[in-house]
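One letter stands for each residue in the lines below.
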Amino acid sequence: MSARPLSRGLLSAAPSKHLRSVVPRVAASHSTLVGPNSSPSKDDRSSSEPVTHFGFQTVKESLKSTRVAGVFSSVASSYDTMNDVMSFGIHRLWKDHFVRSLNPGRRPGGQPMSILDVAGGTGDIAFRMLDHSEKVNGDRETTVLCTDINADMLREGEKRAIQNGYDSNRISFRVENAETLESIPDNSVDLYTISFGIRNVTRIPMALRAARRVLKPGGVFACLEFSKVSPAPLDAIYQQYSFSIIPLMGQLVAGDRDSYQYLVESIKRFPPQSEFARMIKDAGLVNVGKGYKELTFGIASIWKGVKPLE
Amino acid sequence: MNSLVLRPVIRRTGLARDLPKVAFTSQFVPFTSLSRPPPNYEGHVPLTIPERGFLAVGSAVMSLLSPRRADLIAALGEATATPYFIYRLRDAMLLSPTGRRILKDRPRINSTTMSMGKLRELPDGTVGKEYVAWLDKEGVSPDTRSQVRYIDDPECAYVMQRYRECHDFYHALTGLPIMVEGEVALKAFEFANTLIPMTGLSMFAVARLKPKERRRILTTYFPWAIRNGLQAKEVMNIYWEEELETDVKELRKRIGLEKPPE
């Protein structure tokens, strides 16, 4: 089964080359879009390969990661603008809060941290981690390894790291599969973060188990992702906004309606807060409190888990 | 439950001369963006009326700000084509035998259906040669046109697609120059001839021209374009694939176009 790494979340900054050649492929695939209430097509069921969802489409599991990579190649170039437009700039507040609440960096009398940012493509979270470690904890030795399925996003991240003068021994970029994290040894990471990326992973339980594997005992798993909005009237407005405005803005700003249609569908498909917290627990991580904290009425949430000490 | 999409029923009232009189009633069952009906053709996205308005306004503003975004101009065309205008155009095509054949065959213009190499070998002064010379001068291929997505009726979607793909032929036909004034003047011609709202809205692009260009366009090209657009036959009814070896001057005479301005 394809194990190509999965893409990071949309709400990360930084565009890379806009690969127009990808868009027609996505568009063609969306031509067979079936409504959210329809069941998987007979064709998928007749073949023996397991299927999964790609937004509201049903696709073979092995193809999903390629399609996800394709989506992010085409959105990367207008990322920054679209993120700000879609969330009215609030994504910056979410990410700032996420990093602050994790407080990366050496504790007094402690060791510098080794941080793994998965689906971290363009370095949004990684740079915030380094800044926080240095400015709040006076720590210039904490390292961040930034991984992503999409090499374009990583290249953009590398460019930004150089532009902003981050030391190459503090931050590195690598193509990796969130489901396996092949090149990362067991028990080696103090802090595992994934920001707006896990909803794109084909097999989320696998990614959670991989997180558990690479974390040191006592290490922290932290996930920032879109979640379910409550109360219901607010959710109705949110759904309307998601499915109406966001794909239209995608067309107007990024010239790519389909990628943003996929993104809002993938948000809708992601399990609710409590269910995802249960999945984290099932992977062998210990939930912190009820497992999650909601942000902005539940539009986004932060889940935290701790790898138990043996 | 999936709702029905706009299904216009066209009733033509009597014989039309210049502008076909069109009256239509439509079975329109409203739907929301959360329960869109299934697409009518590949790539079709049914839009609600507020979405259509948003797309129209947004693409109008943004294409004025960044004119390179051809996809936005295309989206503007599609968002403003209904109600009425695209149906009128389709009916104008139905009124002519060639137009009816085009609607039946639904020919597409792209690099596979139009062999650029063969066109380049045609003698100078033929439609095909002028067309390929224009494309080469601009450095574009016929594949750069985006697909129609926001028009609900499949036949009208084809009409819009055909308009988009034939645009380069109109350059060859009218002989308007390559400069940006020529492009805007061609839009004026298209508006007078096809009544597609986006072509009319493109007139706002004159605001972006330099004063000298603006003067030239207003005094020389616009009057020619509008006069000829109104008096000429519907250019949408030209079966370009059959006219590739026709002499351009002869085609102009057949359509009722004057000599292009200098």
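Residues numbered from 1 in each chain as written. Chains lettered and ligands numbered in written order. Predicted model: local features only at pLDDT ≥ 70, side-chain atom pairs only at ≥ 80, totals over all residues. Heavy atoms only, no water.

Looking now at the UniProt feature "binding site: S-adenosyl-L-methionine" (unreviewed entry) in chain A. Residue and element names in this part refer to chain A. UniProt's feature table lists "binding site: S-adenosyl-L-methionine" (unreviewed entry) at Thr122, Asp148, Asn177, Ala178 and Ser195, given in the numbering used throughout. One can find Asp148 in strand 4 (residues 143–148). Given a relative accessible area of 0%, Asp148 falls into the buried group. Note on placement: Asn177 falls in the loop between strand 5 (171–175) and strand 6 (189–195). Side-chain polar atoms of Asn177 contact the backbone nitrogen of Glu179, separated by 2.7 Å. (UniProt positions renumbered as here; feature names shortened; annotations may be inferred. Helix = DSSP H or I, 4+ residues; strand = E, 2+ residues; numbered from the N terminus. Buried < 20%, exposed > 50% of the residue type's maximum accessible area, 1.4 Å probe, protein only. Polar contact = N/O pair within 3.5 Å; in protein donor to acceptor, adjacent residues only side chain to side chain.)

Moving on to the sheet that holds strand 5 of chain A. All names here are of chain A. Ordered by their spatial adjacency, 7 strands build an open sheet running 5-4-3-6-7-9-8, and the pairing between neighbours is mixed. In this open sheet, the two strands that pair with only one neighbour each are strand 5 and strand 8 (286–295). The mean inter-strand angle of the sheet, taken between neighbouring strand axes irrespective of direction, is 15°. This element, helix 5 (residues 90–102), spans strand 6, strand 7 (215–226), strand 8 and strand 9 (300–306) of the sheet and lies at about 165° to strand 7. (Pairing = 2+ DSSP bridges. Axes fitted to C-alpha atoms, helices over the stretch in contact; angles between N-to-C directions. Contact = heavy atoms within 4.5 Å.)

Residues and elements named next belong to chain B. With numbering aligned to this structure, UniProt lists the feature "binding site: Zn(2+)" (unreviewed entry) at His167, Asp168, His171 and Glu183. Spanning 17 residues, the annotated positions come together in the fold, the maximum distance between their C-alpha atoms being 10.3 Å. In this structure, Asp168 sits in helix 7 (residues 154–174). Once residues lying within four places of it in the same chain are set aside, the contact partners of Asp168 are Tyr131, Trp134, Leu135 and Arg145. A polar side-chain atom of Asp168 sits 3.3 Å from a polar atom in the side chain of Trp134. Looking at the secondary structure, you find His171 in helix 7.

Take the nonpolar core next. All names here are of chain B. Ranked by internal contacts, the top residues of the largest apolar core, which has 59 residues, are Ile86, Tyr131, Ile151 and Trp240. Examining the composition of this core, we find that 11 residues originate from one element, helix 7, more than from any other. Not counting residues up to four positions away in its chain, the partners in contact with Tyr131 are Ile109, Met114, Met116, Leu119, Pro142, Asp168, Phe169 and Ala172. (Core = buried A, V, L, I, M, F, W, Y, C linked by side-chain atoms within 4.5 Å.)

A separate point is the pattern of salt bridges. Opposite charge on two side chains lets them pair, provided their charged atoms get close. All names here are of chain B. With the rule as written, the count across this model stands at 33 salt bridges over all chains. With a shortest N-O distance of 3.3 Å, Arg90 and Asp153 are connected by a salt bridge. Remark: Asp153 occurs in the loop between helix 6 (127–138) and helix 7 and Arg90 occurs in helix 3 (residues 85–95); sequence separation between them is 63 residues. Neither Arg90 nor Asp153 differs from the other in exposure class; each is buried. Residues joined in a network through salt bridges with shared partners are Arg90, Asp91, Asp153 and Glu155. (Salt bridge = Lys/Arg side-chain N within 4 Å of Asp/Glu carboxyl O.)

With that settled, consider the pairing of strand 7 of chain A. All names here are of chain A. Summarising the sheet, strand 6 and strand 7 pair through 6 bridges and their orientation is parallel. From the neighbouring strand, Thr193 faces strand 7, where its bridge partner is Ala222. Handedness of the crossover joining strand 6 and strand 7 through helix 8 (residues 204–214) is recorded here as right-handed. Of the strand pairs in this sheet, strand 7 and strand 9 are connected by 7 bridges, and their pairing is antiparallel. Across the sheet, the residue bridging to Cys223 is Trp303, located in strand 9. (Right-handed = clockwise from strand over helix to strand, strands pointing away.)

We now examine the pairing of strand 4 of chain A. All names here are of chain A. Most of strand 4 is tucked away: 5 of the 6 residues are buried. On the question of chirality, the crossover connecting strand 3 (residues 114–118) to the parallel strand 4 by way of helix 6 (residues 124–137) is right-handed. With 5 bridges joining them, strand 4 and strand 5 adopt parallel strand pairing. Each residue of the ladder has a partner; that of Leu145, found in strand 5, is Ser172. Following the backbone out of strand 4, through helix 7 (residues 151–163) and into the adjacent parallel strand 5, one traces a crossover that is right-handed.

Another point: the side chain of Glu190(B). Mapped onto the elements of the fold, Glu190(B) is located in helix 8 (residues 180–194). Among residues more than four places away in sequence, those in contact with Glu190(B) are Tyr163(B), His167(B), Tyr170(B), Leu195(B) and Thr199(B).

Position of Lys259(B) among the secondary structure elements: in the segment after helix 11 (248–255). Residue Lys259(B) is classed as exposed on the basis of its relative accessible area, which comes to 67%.

Moving on: the interface of chain A and chain B. Counting residues at the interface gives 18 residues for chain A, matched by 19 residues for chain B. Interface of chain A and chain B: buried area, both sides summed, is about 1600 Å²; carbon and sulfur atoms make up 57% of it. The largest per-residue losses of area from chain A upon contact with chain B belong to Leu248(A), Leu252(A) and Arg257(A), which jointly make up 37% of the total buried on that side. Put simply, chain A and chain B have 1 salt bridge between them. Linking Arg149(B) and Asp258(A) is a salt bridge whose minimum nitrogen-to-oxygen distance equals 2.9 Å. Looking at the side of chain A that touches chain B, the elements that each hand over two or more residues are helix 9 (232–254) and helix 10 (257–269) of chain A. Of all the elements, helix 9 of chain A adds the most residues to the side of chain A that touches chain B, at 11 residues. When the residues that make up the side of chain A that touches chain B are grouped by side-chain class, the tally is 10 nonpolar, 6 polar and 2 charged. (Buried area = accessible area lost by both parts, 1.4 Å probe. Nonpolar A, V, L, I, M, F, W, Y, C, P; charged D, E, K, R; others polar.)

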